[in-house]
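Next come the chains, spelled out residue by residue.
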Amino acid sequence: RLDAATIYNILENEILPLYFEGKNKDGFSPAWIQVIKNSIAKIAPRFTTKRMLDDYIERFYSPEAKRSAVLLENNYAKAKEIAAWKQMVAANWDNVSVEKLEMDAVDGVLEVGHLYHISAEVDTKGLDANCLGIEIVVTYMDEKNRMRKLESKEFDLVKVDGSRLYFELDYQINRAGSFKYAFRMFPKNADLPHRMDFCYVRWF
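Residues numbered from 1 in each chain as written. Predicted model: local features only at pLDDT ≥ 70, side-chain atom pairs only at ≥ 80, totals over all residues. Heavy atoms only, no water.

Draft legend 1. A look at the overall build of the chain. When helices and strands are tallied, the chain shows three helices and eight strands. Each helix and strand of the chain, ordered N terminal to C terminal, gives the series α-α-α-β-β-β-β-β-β-β-β. Against the 2.2 N^0.38 benchmark of 17 Å for 204 residues, the chain shows a C-alpha radius of gyration of 24 Å, more extended than a compact globule. If one aligns the C-alpha atoms of the chain with their principal axes, the spans along those axes are about 75 × 55 × 25 Å. Looking at the 204 residues of the chain, the share that counts as buried comes to 21%. Nonlocal contacts in the chain, meaning residues at least 24 apart in sequence, comprise 58% of its contacts between residues at least 6 apart. (Helix = DSSP H or I, 4+ residues; strand = E, 2+ residues; numbered from the N terminus. Rg over C-alpha atoms; globule rule 2.2 N^0.38 Å. Buried < 20%, exposed > 50% of the residue type's maximum accessible area, 1.4 Å probe, protein only. Contact = heavy atoms within 4.5 Å.)

Pasting the structure below:
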């Protein structure tokens, strides 16, 4: 839905006006012709069939073939292990609580160049300590008033005391502007192919 909405928005607000409203007495839009030429000059050389095949092989086929072999070994032992881990996390996720979050920002404002020390205390209520990660997510508004992600930084797990986990992060922003930030907790497992393979997340 997001991809479709983005495409229709670009068509309605950028492409169609440029194509139809910019026509001259000869019946074509010089600005639209310039867009076409610019696209051919800058995009076409990068989108060859060989480059596409190389990308598919390097980024998808080869990694997936290796992962498939790992999952198939020993009667799907790794696949069963990952499935059991997901069930365990899902069963305990709502019990995990963030007990404390401390940050020395004044009124929630990030100042450029200032090094902030952030600490968090989490009670896992029995969930394994290596299953959790915490990160700061920093966003800004672009020229079209759309929220964009600037960056995210993961906390370090510095101490484990029973079911209590203690995280710390030293964070510094080096770009001028107006930013918003929030913190999120997510499940961690080195055997996942990527973060979104398991979509649990907690914002706080």
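More follows now that the structure is in view.
Draft legend 2. Region of the structure containing the side chain of serine 29. Looking at where serine 29 falls in the secondary structure, it is placed in the loop between helix H1 (2-21) and helix H2 (30-42). When neighbours within four sequence positions are excluded, serine 29 is seen to be in contact with Leu18, Tyr19, Gly22 and Lys23.

Draft legend 3. How the structure looks around the confidence of the model for the chain. Mean pLDDT over the chain stands at 91; residues scoring 70 or higher make up 100%. Per-element averaging of pLDDT across the chain places H2 at the bottom with 91 and strand E6 (residues 164-172) at the top with 95. (pLDDT = per-residue confidence, 0-100.)

Draft legend 4. Spatial organisation of the nonpolar core. Membership of the largest hydrophobic core comes to 29 residues, with the highest contact counts inside it found for Leu132, Ile136, Phe155 and Tyr171. Elements that contribute at least two residues to this core include exactly helix H3 (49-92), strand E2 (115-123), strand E3 (132-141), E6 and strand E7 (180-187). Once residues within four sequence positions are removed from consideration, leucine 132 is found in contact with Trp93, Val96, Val122, Thr124, Leu127, Leu165, Phe167, Met185, Phe186 and Lys188. (Core = buried A, V, L, I, M, F, W, Y, C linked by side-chain atoms within 4.5 Å.)

Draft legend 5. Layout of the side chain of glutamate 135. Within the secondary structure, glutamate 135 sits in strand E3. Among the residues examined, glutamate 135 registers a relative accessible area of 3% and is labelled buried. In terms of polar contacts, glutamate 135 uses its side chain to reach the side chain of arginine 184, at 2.5 Å. (Polar contact = N/O pair within 3.5 Å; in protein donor to acceptor, adjacent residues only side chain to side chain.)

Draft legend 6. A look at the sheet that holds strand E8 (residues 202-203). Ordered in space as E4-E3-E7-E8, the four strands form an open sheet in which the pairing is antiparallel. Of all the strands in the sheet, just strand E4 (147-154) and E8 have a single pairing partner and so form its edges. Of the strand pairs in this sheet, E3 and E4 are connected by seven bridges, and their pairing is antiparallel. Counterpart to isoleucine 136 in the pairing with E4 is lysine 153. (Pairing = 2+ DSSP bridges.)

Draft legend 7. Structural view of H3. Spanning 44 residues, H3 covers only 47 Å between terminal C-alpha atoms, well under the ideal 64 Å at 1.5 Å per step. Where H3 bends most, at asparagine 74, the angle is about 120°. Among all positions of H3, only Ile82, Trp85 and Val89 are buried. (Expected span 1.5 Å × (residues − 1). Bend = angle between axes of the 7 residues up to and from the residue.)

Draft legend 8. Here's a closer look at a nonpolar patch on the surface. The grouping of Ile7, Tyr8, Leu11, Leu16, Tyr19 and Phe20 at the surface amounts to a nonpolar patch, some 610 Å² of accessible area in total. Structurally, phenylalanine 20 is set in helix H1. (Patch = residues over 30% accessible without salt bridge, like charges linked within 9 Å, V, L, I, M, F, W, Y side chains within 5 Å. Areas by Shrake-Rupley, 256 points an atom, 1.4 Å probe, with all protein chains shown as cover. Salt bridge = Lys/Arg side-chain N within 4 Å of Asp/Glu carboxyl O.)

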